[in-house]
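# Survey of secondary and tertiary structure
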Amino acid sequence: MDWSLIIENSIKGFIGINAVYFAVAAIGLNVQFGFTGLLNFGQAGFMACGAYGLGMTAHYFGISMWWGIPIGIGFSVLLGFLMGIPTLRLRADYLAIVTIASAEIIRLVVRSVKFKTYFGGSDGINGFSDPFRKIGDDIGIVQANQYGFWPLRFTGRELWTLVVGWVVVAIVAYFVYLLMKSPWGRVLKAIREDEDAVRSLGKSVFSYKMQSLILGGAIGTMSGMIFALDRGSVQPDNYSRDVTFYILTALVLGGVAKVSGSIVGPMIFWGIFTFMDNFLRQVAKDPVHLGNFTIMKSTQVGQLNYMLIGLTLILLMVYRPQGVFGNRKEMAFDGH
Amino acid sequence: MDIKASLSTATSAARLALAGVERTPGVIKQDAILTASGVRREFGGIVAVDVEHVEIQRGSITALIGPNGAGKTTLFNLLTGFDTPNTGSWSFNGRSMEKVASHKTAALGMVRTFQLTKSLTKLSVIENMRLGATDQKGEKWWNGLFGRVWKAQEASITERAEELLNRFTLGHMRDEYAGALSGGQRKLLEMARALMTNPTLVMLDEPMAGVNPALKQSLNEHIRGLRDQGMTVLFVEHDMDMVHDVSDWVIVMAEGRIIAEGTPEDISKNPAVIDAYLGTRQGQSLLEDE
């Protein structure tokens, strides 16, 4: 068993690019779900907005990649309005249905053959991220070089995306932290508790929910951009339902309605995930037998890992429902 | 002593204004702050509210009473925009309110509380209070980012909130979660929070429900105090002692209609009211019943 490899990979999972783009998406989702109580099950759709905003610049518009940032955010604002206008006056469940459906519609449209000229179909879009890579090279984080020491060893390519990614996480987290400390955040938290009370005090609940949905979505869009830049490609199936639910899981793990929770949750999620994956792979290098019975083969590691993750989450929900950073006292007043 | 004196002045002023008013349902008042005509709300086949005409006298405490299912709360919901009537028109301070969204009524000076208290349990008591203040700069997200834009206003809001909390004997609970308050304290908090909007008309839906007798007395004082400060109070209540104690005028609803109006003394002797409450004519005052 190669413990040094397991540890190295686990630490890289803990702070790696997966944790970064999950964290950004979770911060956005936290604005909607954690602070406002909006059930957005379509965060992957917002992420796709960002990824395709970047991808389409080179592929369809033929302009600089940097235009993709405002274009992607524009897409997400539009998507927020489309989702929110019909549903935000209704009960929370309707938003959940519409968001999950919208995200799927986006995925199916961008991967369709019919719109291949715009979105590249199921092949996705490649080769748009050179301007981003070039900056990394220019400031001295050369793509092909190796940096760091055990257990933190990265290629220049990985390191540059990580640096940018964590800077984005920090900026976005601070932005949301400031907002949630402000009277604006207070209105959102009050809406989460009781819409009618807020309405009776003269606040337009619809308008605040819309702002929350769009803001959270725009932050989710940035997550999609980071992911697309890291891969250097945009693939429609990277923005499917399960991404939304893993992000939601990571958020709950960290603790909802806490900015710190939405950063640490994804880190723990990917840390544990990578550790278990690596550990099980080492264990199952040779099939594990109990007598004549084969318990595990290396091809079954993936499935078992997901099962164990599920079990961990169940245990967490039973013994620490507020998540790692949540406030137990707040949870206590759930049933009035 | 001054308070007592001014209280009685306010009482007599309100009583005086209503003294010459005829004791008939839907009667015209001298100076109405709220007027509603032909307001009708049906749920399926059931007519919940069918009010021909009603007016609320400015500067008075008006009680809205009636047996369960009389449509009192529904009328509240309609007047505050929380529900839409099938037909009808109503105006507040001379301004037609039919097309006004529920959240805008508070800005116009009309605030309500709820039968089931809506304390925001996961916010602290002081945050509940601050939420009530209208026109907050920091409630716009682009301002929220910059503390210096809203901090000064927040400080003055906090000061006003603390004053109100002390008045409602909740000062010591300032930093507790609202969820930690008792039922009666939540009623007080909700009323205090509503006052943060600086209303001219306060509509209280069963302010006494679940409040212990000791607290009831001070709640009565608070309600009189509101009128003393020039506000108009309209409240729904089942507690007949309270109705008799604080109200200047009583409106009685039954089966969606207004069946009687008058001073508390008139109402407790009104046979139609006794009928509505008890089904048969008992020939006895409701108050003597207790």
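Scoring rules and cut-offs
- Residues numbered from 1 in each chain as written.
- Chains lettered and ligands numbered in written order.
- Predicted model: local features only at pLDDT ≥ 70, side-chain atom pairs only at ≥ 80, totals over all residues.
- Helix = DSSP H or I, 4+ residues; strand = E, 2+ residues; numbered from the N terminus.
- Rg over C-alpha atoms; globule rule 2.2 N^0.38 Å.
- Buried ≥ 20, exposed ≤ 12 C-beta atoms within 10 Å, placed from the backbone.
- Contact = placed C-beta atoms within 7 Å.
- Nonpolar A, V, L, I, M, F, W, Y, C, P; charged D, E, K, R; others polar.
- Core = buried A, V, L, I, M, F, W, Y, C linked by C-beta atoms within 7 Å.
- Expected span 1.5 Å × (residues − 1).
- Bend = angle between axes of the 7 residues up to and from the residue.
- Pairing = 2+ DSSP bridges.
- Arc of directions from axis to C-beta.
- Axes fitted to C-alpha atoms, helices over the stretch in contact; angles between N-to-C directions.
- pLDDT = per-residue confidence, 0-100.

Turning our attention to the overall build of chain B. Secondary structure summary: chain B contains 12 helices and 10 strands in total. Against the 2.2 N^0.38 benchmark of 19 Å for 290 residues, chain B shows a C-alpha radius of gyration of 19 Å, consistent with a compact globule. Its C-alpha atoms put chain B at 65 × 45 × 35 Å along the principal axes. Of all 290 residues assigned to chain B, the portion counted as buried reaches 47%. Counting contacts in chain B only where the partners sit at least 6 residues apart, residues at least 24 apart contribute 69% of the total.

Chain A puts 26 residues into the contact, and the matching count from chain B is 31 residues. Mapped by element, the contributors of at least two residues to the side of chain A that touches chain B are helix H8 (156–181), helix H9 (183–193), helix H10 (195–200), helix H11 (205–231) and helix H15 (328–332) of chain A. Examining the composition of the side of chain A that touches chain B, we find that eight residues originate from one element, H9(A), more than from any other. Taken together, the residues that form the side of chain A that touches chain B break down as 10 nonpolar, seven polar and nine charged.

Glancing now at the nonpolar core. Within the largest apolar cluster, 171 residues are counted, with the highest numbers of intra-cluster contacts made by Phe22(A), Val24(A), Ala51(A), Ile247(A), Ala192(B) and Val252(B). It is helix H2 (residues 17–35) of chain A that contributes the most residues to this core, 14 residues altogether. Here Ala192(B) is in contact with Met129(B), Leu164(B), Leu165(B), Phe168(B) and Leu170(B), once residues within four sequence places are set aside.

For the rest of this paragraph, the subject is H2(A). Residues and elements named next belong to chain A. Counted at 1.5 Å a residue, the expected span for H2 with its 19 residues is 27 Å, and the 25 Å between its end C-alpha atoms agrees. For H2, the principal kink sits at Leu-29 and spans about 40°. Most of H2 sits out of view: 19 of its 19 residues are buried. Looking one or two residues beyond H2, the residue adopting positive phi is Gly-37, at roughly 80°.

Before going further, it helps to examine the pairing of strand S2 (residues 46–57) of chain B. Residue and element names in this part refer to chain B. Pairing analysis gives 10 bridges linking strand S1 (residues 32–43) to S2, with the strands arranged antiparallel. Within S2, the residue paired with Glu-42 across the bridge is Val-47. Between the end of S1 and the start of S2, which pair antiparallel, lie two residues, with Gly-44 showing a positive phi angle near 60°.

Our next topic: helix H1 (residues 3–15) of chain A. Each α-helix turn comprises 3.6 residues. Residues three or four places apart therefore point the same way. Residues and elements named next belong to chain A. Under the 1.5 Å per step criterion, the end-to-end length of H1 is 18 Å for 13 residues, consistent within 8% with the ideal 18 Å. Along H1, the residues classified as buried are Ile-6, Ser-10, Lys-12 and Gly-13. Take H1 and look down its axis: the buried residues cluster within an arc of 165°, on one side only. Taken together, the buried residues of H1 touch H2 and helix H13 (259–283).

What follows is about unusual backbone geometry. Of note, the amide linkage connecting Trp150(A) to Pro151(A) takes the cis form, showing an omega dihedral of 0°. Here Pro151(A) is to be found in the loop between strand S2 (146–149) and strand S3 (152–155). Not every positive phi belongs to a glycine, and Asp135(B) is a case in point at roughly 55°. Tracing the backbone shows Asp135(B) in the loop between helix H4 (125–132) and helix H5 (141–144). With 10 C-beta atoms packed within 10 Å, Asp135(B) lands in the exposed category.

What follows deals with the sheet that holds strand S5 (residues 95–96) of chain B. All names here are of chain B. Pairing is antiparallel in the open sheet, where four strands are placed in the order S2-S1-S4-S5. Edge positions in the open sheet fall to S2 and S5, since each of these has one partner strand only. Pairing analysis gives two bridges linking strand S4 (residues 87–92) to S5, with the strands arranged antiparallel. In the strand pairing of S5, Phe-92 is matched with Arg-95.

Below, the discussion takes up the pairing of strand S6 (residues 293–296) of chain A. Residue and element names in this part refer to chain A. Pairing analysis gives three bridges linking strand S5 (residues 288–290) to S6, with the strands arranged antiparallel. Opposite His-289, over in S6, you have Thr-294 as the bridge partner. Between the end of S5 and the start of S6, which pair antiparallel, lie two residues, with Gly-291 showing a positive phi angle near 65°.

Residues and elements named next belong to chain B. In spatial order, the strands read S6-S7-S8-S3-S9-S10; together these six strands make up an open sheet with mixed pairing. Taken across any chain shown, the strands that pair with only one partner, and hence form the sheet edges, are strand S6 (110–112) and strand S10 (257–262). For this sheet, the mean angle separating the axes of adjacent strands, direction not counted, is 20°. Sheet topology places strand S9 (residues 249–254) next to S10; five bridges connect them, and they run antiparallel. In the sheet register, Val-252 faces S10, and the bridge partner there is Ala-260.

Here we come to the packing of helix H3 (residues 43–61) of chain A against helix H5 (residues 92–110) of chain A. Residue and element names in this part refer to chain A. With their axes 8 Å apart at the nearest point, H3 and H5 run at an angle of 35° to one another. In contact with Ala-44, Gly-45, Ala-48 and Tyr-52 of H3, H5 contributes Ser-102, Ala-103, Ile-106, Arg-107 and Val-110. Along the lines of polarity and charge, the residues of the contact of H3 with H5 split into six nonpolar, two polar and one charged.

Now for the confidence of the model for chain B. Residues and elements named next belong to chain B. Summarising the model, chain B shows a mean pLDDT of 86, and 91% of its residues fall at 70 or more. Considering each helix and strand of chain B separately, the mean pLDDT is smallest for helix H12 (residues 286–289), with a value of 51, and largest for H4, with 95. Scored by ipTM, the complex comes to 0.85, with pTM at 0.89.

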